[in-house]
Amino acid sequence: MAELREVQITEEKPLLPGQTPEVAKTHSVETPYGSVTFTVYGTPKPKRPAILTYHDVGLNYKSCFQPLFQFADMQEIIQNFVRVHVDAPGMEEGAPVFPLGYQYPSLDQLADMIPCILQYLNFSTIIGIGVGAGAYVLSRYALTHPDTVEGLVLINIDPNAKGWMDWAAHKLTGLTSSISEMILGHLFSQEELSGNSELIQKYRNIIAHAPNLDNIELYWNSYNNRRDLNFVRGGDTTLKCPVMLVVGDQAPHEDAVVECNSKLDPTQTSFLKMADSGGQPQLTQPGKLTEAFKYFLQGMGYMASSCMTRLSRSRTASLTSAASIDGNRSRSRTLSQSSESGTLSSGPPGHTMEVSC
């Protein structure tokens, strides 16, 4: 396994008072399924996993995760963890277009590239954050390498293979819509696309005019040819680590995420449905997602001395008594965020908590 490229850059973004510029190092390594590029921020922290992200179709690590990791409240988190942002092959900035007939890796093979990344960096464990296709890739990796995954944040995950009806609808859509429009329909809700906000215009322009659009189509095809993850609650095929499932209210993948939640271990799984966030919560509601992620990390035993956020403050009173009873840091909890809700109720595993943020 050989390193192909290492480039040191300084992230260009507004700095908070007293904050120093982050130095990022971009690497590429060879794997059995081709080269993969990833960017590392920060330095490894003793006895702490790396945060590893994987983006969705039509995006790269910057367009998928930058608003989240540049959010002010996220800075406290990233100071405590080294993070690795993986770009799917051919999705990194400046990537050459693959030659005609190139066999793009399947999503399973993309997952099999991750051990090469961790071996190169000498990292032993990760907390994964994935969106869409990236959430599937990280889930597949966690199924085959459970001892290396301490936790997962899965946004818009669809663990199911496409059925015949899905395939028929996909083929019909392909006759009347461009690749870029189909991918936009995967990323955002129809309401968002009809509203044509500045965010939608920005991402429509990014995807439609991407110089590597042919590569994006290959990633898109791999996503549509994914296998079923075959999650079974109480069975052998399940995620062993704490999981936070995230989806926006009325998002394209809302039903799939709800179904995924029903198949995972309720003692290890949190479900966060975010109001007013559309199809990409990490872009539209980075503040709420940061709060939930910080609480997720605290539940895993990290950042115990962290400043309390509005979300964790609002839940502390009701959760303290439950924690003292069972002492299980991985207890089941379902969160439903709503800007209109002003109630907070707690109950046994599987019950919904309404949290005002």
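Residues numbered from 1 in each chain as written. Predicted model: local features only at pLDDT ≥ 70, side-chain atom pairs only at ≥ 80, totals over all residues. Heavy atoms only, no water.

- In the annotation of UniProt, the entry for the chain reads Protein NDRG2, and the organism field reads Bos taurus.
- Per its UniProt entry, the chain bears the Subunit comment "Interacts with CTNNB1."
- As stated in UniProt under Sequence similarities, the record for the chain gives "Belongs to the NDRG family." (UniProt positions renumbered as here; feature names shortened; annotations may be inferred.)

### Let's talk about the packing of helix H6 (residues 179–187) against helix H9 (residues 213–224)
Turning to step 1, where the next piece is worked out: Close contact between H6 and H9 brings their axes to 11 Å; oriented N to C, the two are set at 50°. Relative to H9, the element H6 is oriented oblique. Between H6 and H9 the crossing geometry is left-handed. Taken together, the residues of H9 that come into contact with H6 (itself represented by Ile179, Met182, Ile183 and His186) are Ile216, Glu217, Trp220 and Tyr223.
Turning to step 2, where the next piece is worked out: When the residues that make up the contact of H6 with H9 are grouped by side-chain class, the tally is six nonpolar, one polar and one charged. (Axes fitted to C-alpha atoms, helices over the stretch in contact; angles between N-to-C directions. Helix = DSSP H or I, 4+ residues; strand = E, 2+ residues; numbered from the N terminus. Parallel < 35°, antiparallel > 145°, perpendicular 65-115°, else oblique. Left-handed = near helix turned anticlockwise from the far one by under 90°. Contact = heavy atoms within 4.5 Å. Nonpolar A, V, L, I, M, F, W, Y, C, P; charged D, E, K, R; others polar.)

### Observations concerning the environment of Asp73
Turning to step 1, where the next piece is worked out: Mapped onto the secondary structure, Asp73 falls in the loop between helix H1 (61–69) and helix H2 (75–78).
Turning to step 2, where the next piece is worked out: Separated by 218 residues in the primary sequence, Asp73 and Glu291 place their C-alpha atoms 7.9 Å from one another.
Turning to step 3, where the next piece is worked out: Every residue in contact with Asp73, bar those within four places of it in the chain, is listed here: Thr290 and Lys294.

### Side note on the packing of aromatic side chains
Turning to step 1, where the next piece is worked out: According to the stated counting rule, one finds 10 aromatic pairs in the structure shown.
Turning to step 2, where the next piece is worked out: Centroid distance Phe98 to Tyr102: 4.1 Å. Interplanar angle 5°. Geometry classified as stacked.
Turning to step 3, where the next piece is worked out: The class for Tyr102 is partly exposed, based on a relative accessible area of 27%.
Turning to step 4, where the next piece is worked out: Each member of the aromatic cluster is reached from another via a ring pair, and the members are Phe98, Tyr102, Tyr104 and Tyr219.
Turning to step 5, where the next piece is worked out: Here Arg83 stacks its cationic end above the ring of Tyr41, 4.3 Å away from the centre of that ring. (Phe/Tyr/Trp six-rings, centres within 6.5 Å; stacked < 30°, edge-to-face > 60°. Buried < 20%, exposed > 50% of the residue type's maximum accessible area, 1.4 Å probe, protein only. Lys NZ or Arg CZ within 6 Å of the ring centre and 35° of its normal.)

### A few points about the packing of H6 against helix H8 (residues 198–208)
Turning to step 1, where the next piece is worked out: Contact pair H6 / H8: the axes reach a minimum separation of 9 Å and the direction vectors enclose 140°. Here H6 lies oblique to H8, going by the angle between them. Considering how the two elements wind past one another, H6 and H8 form a crossing that is right-handed. Between H6, through Ser180, Glu181, Ile183, Leu184 and Leu187, and H8, the contact on the second element is made entirely by Tyr203, Arg204, Ile207 and Ala208.

### What about the side chain of Thr148?
Turning to step 1, where the next piece is worked out: Structurally, Thr148 can be placed in the loop between helix H4 (133–144) and strand E7 (149–155).
Turning to step 2, where the next piece is worked out: Judged by relative accessible area, which is 19%, Thr148 ranks as buried.
Turning to step 3, where the next piece is worked out: Here Tyr141 takes part through its side chain, which lies 2.6 Å from a polar atom of the side chain of Thr148. (Polar contact = N/O pair within 3.5 Å; in protein donor to acceptor, adjacent residues only side chain to side chain.)

### A few points about unusual backbone geometry
Peptide bonds are trans in most cases, and residues, glycine excluded, mostly fall at negative phi.
Turning to step 1, where the next piece is worked out: The backbone phi angle of Asn230 is positive, close to 60°, even though this residue is not glycine.
Turning to step 2, where the next piece is worked out: The residue Asn230 is located in the loop between H9 and strand E8 (243–248) in this model.
Turning to step 3, where the next piece is worked out: Here Asn230 falls in the partly exposed class, since its relative accessible area comes to 48%.

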